[in-house]
Amino acid sequence: MSELTITTFESKRLSFVPTVAEHAQVTYPLLADEKLYLWMPGNPLDLLSLKDRYAFWESRRSPDGKEWWWNWVINLKGTERTNGPPTCVGTLQVGIDKASHVATLAYIIGSQYQRKGYATEALNALLNLLRLKGVHQAMAWVDTRNIPSIGLLQKLKFTSIDR
């Protein structure tokens, strides 16, 4: 597989924009919600740390060069404003191993946007994009107590394995 590049893409209700450092201003209020960290390690990052993380991700590669790292801000289509950003509902990440071409997915949907089908729509759109790019195997790490995420991945035909 040749070099893969990140792209902007869309689904029916969502647009996916490659994450850059300036997106921290938009995603911070969403990601600062402590309810999101019930099944995720760590605590919410402060704004400066989030901006630094996004700047680091802009290389689109892991530090060892073995993976492509793609990260997107998930926006609601039709909410663009002349004096501000569109409504952000979450973030989407994928790491693609350059040797095996296996993708590892991660996603966060803001608390106020959950149970509206955005995660399902986002992952379906991402899986379609990955297939178009030649990536045909994907996995996601999920805390075994995170029943909603497990249900979503099962609906998308992911298989549970022990590791």
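Our subject in this report is the structure included herewith. (Residues numbered from 1 in each chain as written. Predicted model: local features only at pLDDT ≥ 70, side-chain atom pairs only at ≥ 80, totals over all residues. Heavy atoms only, no water.)

Reading across from one edge, 1-2-3-4-5-6 is the order of the 6 strands in this open sheet, with mixed pairing throughout. Edge positions in the sheet fall to strand 1 (9–10) and strand 6 (137–140), since each has one partner strand and no second. Note that strand 5 (residues 102–109) and strand 6 share 4 bridges and pair parallel. Following the sheet pairing, Val102 is matched in strand 6 by Gln137. (Pairing = 2+ DSSP bridges. Helix = DSSP H or I, 4+ residues; strand = E, 2+ residues; numbered from the N terminus.)

All right, on to helix 3 (residues 118–132) then. Between its terminal C-alpha atoms helix 3 stretches 21 Å, which fits the 21 Å expected from 15 residues at 1.5 Å a residue. A large share of helix 3 lies buried, amounting to 11 of its 15 residues. Positive phi shows up at Gly134, right after helix 3, with a value of about 90°. (Expected span 1.5 Å × (residues − 1). Buried < 20%, exposed > 50% of the residue type's maximum accessible area, 1.4 Å probe, protein only.)

Attention now goes to the pattern of salt bridges. Side-chain pairing between opposite charges can occur once the charged atoms of the two side chains come close. This structure, assessed with the given rule, holds 3 salt bridges. One salt bridge in this structure joins Lys77 and Glu10, with 3.4 Å as the shortest N-O distance. Of this pair, Lys77 sits in the loop between strand 3 (67–76) and strand 4 (88–97) while Glu10 sits in strand 1, and the two are 67 residues apart along the sequence. (Salt bridge = Lys/Arg side-chain N within 4 Å of Asp/Glu carboxyl O.)

Once that is clear, we can look at the packing of aromatic side chains. With the rule as written, the count across this model stands at 6 aromatic pairs. A centroid spacing of 4.3 Å and a plane angle of 10° characterise the contact between Phe9 and Phe16, whose relative ring orientation is stacked. Using a relative accessible area of 10% as the deciding quantity, one classes Phe9 as buried. Their ring planes at 65° and their centres at 5.9 Å tell us that Phe56 and Trp69 sit as a pair that is edge-to-face. Here Phe56 is found in helix 2 (residues 47–57), whereas its partner Trp69 is found in strand 3, with 13 residues between them in sequence. Three or more aromatic residues joined by ring pairs make a cluster, and in this case those are Phe9, Phe16, Trp70 and Trp72. (Phe/Tyr/Trp six-rings, centres within 6.5 Å; stacked < 30°, edge-to-face > 60°.)

So, about unusual backbone geometry. Its identity is not glycine, yet Arg60 carries a phi of approximately 65°, on the positive side. Within the secondary structure, Arg60 is located in the loop between helix 2 and strand 3. Here Arg60 falls in the buried class, since its relative accessible area comes to 13%. We note that His101 has phi near 65°; this positive angle belongs to a residue other than glycine. Mapped onto the fold, His101 is located in the loop between strand 4 and strand 5.

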